[in-house]
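Coordinates in review
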Amino acid sequence: MLETLFLVVVMPLPLLALMVLVVELGGAVRADGLRGLAARIGAALRAGVRRPVWRGLLAVVVVAGLLTAGLEQCHLAVVANGSRWGFDVALLAVVLGLLLSVLTGGLVMLTAAAVGKARGVGAGTVAGLLTLLGVAAGTAAAHLPLRAAYLADPSGFPVVDNLGAGDLLIPADAFLVALLWALPWPVLGAALGACRVATQTPAPVRDVWHHLLNLATTDLPEDRATWGAALRAELASIDPRAERRRFALGGVWAALRSGPPQGAWVLAAGVGVVVAAGSFAASRWSLAHEQGGILGFSMSVPTILLFAVALFTAYRTRSFGAALRASALAGAAAMVAVIGIGIPEAVIWANRRAGYLSTGDAVPPDWQSAVGDVLRPEFLVAMAVFWIIGATGGAAVGTAFGRLRTGTSAGSPPAAPAADHKAR
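Attention here is on the structure that accompanies the text. (Residues numbered from 1 in each chain as written. Predicted model: local features only at pLDDT ≥ 70, side-chain atom pairs only at ≥ 80, totals over all residues. Heavy atoms only, no water.)

1. Remarks on the overall build of the protein
This is how the line gets drawn: The numbering of helices and of strands both runs from the N terminus, where a helix is a DSSP run of H or I of at least 4 residues and a strand a run of E of at least 2. The buried label goes to any residue with under 20% of its type's maximum accessible area, the exposed label to any with over 50%, and the partly exposed label to all in between, with areas taken from a 1.4 Å probe on protein chains only. Contact criterion: two residues are considered in contact whenever any of their non-hydrogen atoms come within 4.5 Å of each other. Surface accessibility follows the Shrake-Rupley procedure with a 1.4 Å probe radius. Residue values consider only the protein chains on display as shielding.
Summing up its helical and strand segments, the protein has 17 helices and 0 strands in all. When each of the 424 residues of the protein is scored for burial, the buried share is 48%. Considering only contacts in the protein between residues 6 or more positions apart, those separated by 24 or more positions represent 78%. As displayed, the protein has an accessible area near 19,900 Å², and 71% of this comes from carbon and sulfur atoms.

2. Section: the pattern of salt bridges
To be explicit about the condition: Here, a salt bridge means any side-chain nitrogen of Lys or Arg that lies within 4 Å of a carboxyl oxygen of Asp or Glu.
Summed over the entire model, instances satisfying the criterion amount to 4 salt bridges. The shortest N-O distance in the salt bridge between Arg147 and Asp173 comes to 2.7 Å. Note that Arg147 is positioned in helix 6 (residues 121-152) and Asp173 in helix 7 (residues 170-178), a separation of 26 residues in sequence. Note that Arg376 is salt-bridged to Glu378, the shortest N-O span being 2.4 Å. The exposure class of Glu378 is buried, given its relative accessible area of 1%.

3. A look at a nonpolar patch on the surface
Keep this limit in mind: Two joining distances apply to patches: 9 Å for like charges and 5 Å for nonpolar side chains (Val, Leu, Ile, Met, Phe, Trp, Tyr), and every residue must have over 30% relative accessible area and no salt bridge.
There is a patch of nonpolar side chains on the surface, built from Val63, Leu67, Leu71, Leu100 and Leu103 and spanning about 450 Å² of accessible area. Mapped onto the nonpolar patch, the elements with two or more residues apiece are helix 3 (53-78) and helix 5 (89-119). The dominant element in the nonpolar patch, judged by the number of residues it contributes, is helix 3, at 3 residues. If you trace the backbone, Val63 turns up in helix 3. With a relative accessible area of 44%, Val63 lands in the partly exposed category.

4. Some words on helix 14 (residues 320-352)
For the α-helix, the turn length of 3.6 residues means that residues three or four positions removed from each other point alike. So the rule is basically this: Under the convention used throughout, the expected extent of a helix is 1.5 Å for every residue step, that is, one less than its residue count. Fitting axes to the seven residues ending at a residue and to the seven starting there, one defines the bend at that residue as the angle between these axes. N or O atoms within 3.5 Å of each other form a polar contact, as long as, within protein, one can give a hydrogen and the other can take it, and as long as residues adjacent in sequence are counted only when both atoms are side-chain atoms.
For helix 14, which comprises 33 residues, the first-to-last C-alpha distance of 46 Å matches the rise-based estimate of 48 Å (1.5 Å per residue) to within 8%. The sharpest bend along helix 14 reaches about 30° and sits at Gly342, with the proline Pro344 one to four residues further on. Between the side-chain oxygen of the N-cap and the backbone nitrogen of Ala322 there are 3.1 Å, and the N-cap of helix 14 in question is Ser319.

5. Quick notes on the side chain of Glu345
Within the fold, Glu345 resides in helix 14. In contact with Glu345, other than residues within four places in its own chain, are Phe280, Ser283, Arg284 and Leu357.

6. What about the packing of helix 3 against helix 6?
How we decide: Geometry is summarised by axes, namely lines fitted to C-alpha atoms with helices restricted to the contacting stretch, and by angles between N-to-C directions that run from 0 to 180 degrees. Should the near helix be turned anticlockwise from the far one by less than a right angle, the crossing is left-handed, and should it be turned clockwise, the crossing is right-handed. Three residue categories are used. Nonpolar comprises Ala, Val, Leu, Ile, Met, Phe, Trp, Tyr, Cys and Pro, charged comprises Asp, Glu, Lys and Arg, and polar comprises the others, including Gly.
At their nearest, the axes of helix 3 and helix 6 sit 8 Å apart, and the two run at 35° to each other. The element helix 3 and its partner helix 6 pack so that their crossing is right-handed. Residues Val53, Leu57, Val60, Val61, Ala64, Gly65, Thr68, Ala69, Glu72, Gln73 and Leu76 of helix 3 form the contact with helix 6, whose participating residues are Ala127, Leu130, Thr131, Gly134, Val135, Gly138, Thr139, Ala142, His143 and Leu146. Considering only residue class, the contact of helix 3 with helix 6 consists of 12 nonpolar, 8 polar and 1 charged.

7. With respect to the environment of Leu192
As for its position among the elements, Leu192 is in helix 8 (residues 185-193). Sequence separation between Leu192 and Thr399 is 207 residues; the distance between their C-alpha atoms is 8.2 Å.

8. Regarding unusual backbone geometry
Within the chain, Arg318 stands out as a residue other than glycine whose phi angle is a positive 60°. Along the chain, Arg318 falls in the loop between helix 13 (295-317) and helix 14.

9. Remarks on the nonpolar core
To keep it simple, the criterion reads: Buried Ala, Val, Leu, Ile, Met, Phe, Trp, Tyr and Cys residues form a nonpolar core when they are joined through side-chain atoms within 4.5 Å.
Within the largest apolar cluster, 64 residues are counted, with the highest numbers of intra-cluster contacts made by Leu168, Trp181, Trp185, Leu188, Phe320 and Ala396. Among the elements that line this core, the one with the most residues is helix 16 (residues 377-405), at 11 residues. With residues near it in sequence (within four places) discarded, Leu188 still touches Leu13, Leu16, Ala17, Val20 and Ala396. Ala282, Ala346, Ile348 and Ala350 belong to the second largest nonpolar core, which has 12 residues in total.

10. What to know about empty space enclosed by the protein
Note the cut-off: Method remark: on a 1 Å grid restricted to protein atoms, a set of points is classed as a cavity if a 1.4 Å probe fits but cannot get out and as a pocket if it is open with protein on both sides within 12 Å along at least five of seven lines; lining residues have an atom within 4 Å of a point. Grid points are joined across faces, edges and corners, and a volume is the space filled by probe spheres set on the points.
This model, assessed by the stated rule, comprises 2 cavities of 30 Å³ or more. The wall of the largest cavity is formed by 14 residues, among which Ser298, Val338, Leu357, Ser358 and Val374 lie closest to the centre. Among the secondary structure elements, those contributing two or more residues to the lining of the largest cavity are helix 13, helix 14, helix 15 (367-374) and helix 16. Here the residues of the lining of the largest cavity sort into 9 nonpolar, 4 polar and 1 charged. Taken as a whole, the second largest cavity holds about 70 Å³ of empty space. Surrounding the second largest cavity, 10 residues form its lining, Leu188, Ala191, Leu192, Ala396 and Ala400 being those nearest its centre. Secondary-structure elements contributing two or more residues to the lining of the second largest cavity are helix 2 (12-49), helix 8 and helix 16. Broken down by element, the lining of the second largest cavity gets its largest block of residues, 4 residues, from helix 16. Its residues placed into classes, the lining of the second largest cavity shows 8 nonpolar, 1 polar and 1 charged.

11. A few points about the packing of aromatic side chains
Rules: Only centres within 6.5 Å qualify two rings of Phe, Tyr or Trp (six-membered ring in Trp) as a pair; their planes then separate them into stacked at under 30 degrees, edge-to-face at over 60, and tilted for everything else.
One pass over the full model with this rule turns up 3 aromatic pairs. Between the aromatic rings of Tyr150 and Phe157, the centroid separation amounts to 5.0 Å while the plane-to-plane angle is 70°, which identifies the pairing as edge-to-face. When sorted by exposure, Tyr150 lands in the same class as Phe157, which is buried. Centre to centre, the rings of Trp185 and Phe320 are 6.1 Å apart; their planes meet at 70°, and the pair counts as edge-to-face. You can see Trp185 sitting in helix 8 and its partner Phe320 sitting in helix 14, a full 135 residues away along the chain. Overall, the relative accessible area of 7% leaves Phe320 in the buried class. Site record: aromatic cluster; members linked through ring pairs are Trp181, Trp185 and Phe320.

Below, the structure is given as structure tokens:
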């Protein structure tokens, strides 16, 4: 099941990013030849670090370092209390590290989309990659000295029974490794944020409020695209900074409050029913055949379903944001199904097998601890991480192929080097 999950959900992202790069580079070579390609790459590098990007990158490094230092100290302060609290604090910390890597992917995508909207796909890709490197650099700068101190003198750190040598600080290691998942997002974010139509060129951006409204209204569904363009045009006619800020924030809030696309409730209901039926069937089959619990099912099957929901919605609407809203609704239905079926089934497992529904471990629980196992935060967060990965992957793939189907561009065309220098 995990192999299928990897092939279906994870692999399309780097392949799609590679396709976007090949298309962009191929277009540049056809337009200007290899010499023109070198000029475009140089222009993209310069535009990707031009102000205010570099100031944001410095802020990313500092914030990542401070967050890492603070979170690791919190982890050390509470890690030994897991047995008293009823869950595995170390495992929860690892899972939260994975969740933070997913959020980092979102930050990278937004950065690349914002820069790509204003300066083109190449500049957006550069800015996104540098943001990812900034997060990794800040995290490593705070984590590596602490790890060196731990390895040199473990006696000064908490002792946890179920952790081996060197495992106490593994959440930050897991975070750094999981950042590999975010590598395609600079390319995909820049392409999603850039102009849809091949004849368009990136519009000049006046300030951060223009950037923010551009980003929020770039990928609206087709039936709201005109409204988004009208918002951007109206903001361009406003000069007072305070008024620009109020108008932009109002427009962003209105865009974010856009409801789920048509048919999303039907898809969510279908996902809920399938997950509920599948959870029940997996529980009873595992119980009858003396197999392990159904945690693997709860992580993998809903992930694939959410990938499919996001893929279908994005392909139909050509909107990454609409696909995420539809998959969020379906994810909520899946979570209700997992918990709603899991609680009574956990009681049955406790009575019939004296084991936990999640893993099948033969630890004789009472019904209260059996139900508590279904609601363990580390399991719920782990499921959410897998589900988010599936939804974002499906949204990216569906949006790209939906735009190819209708002849619109997933990214803005590269501007000629001369025009690019003139714009600067």
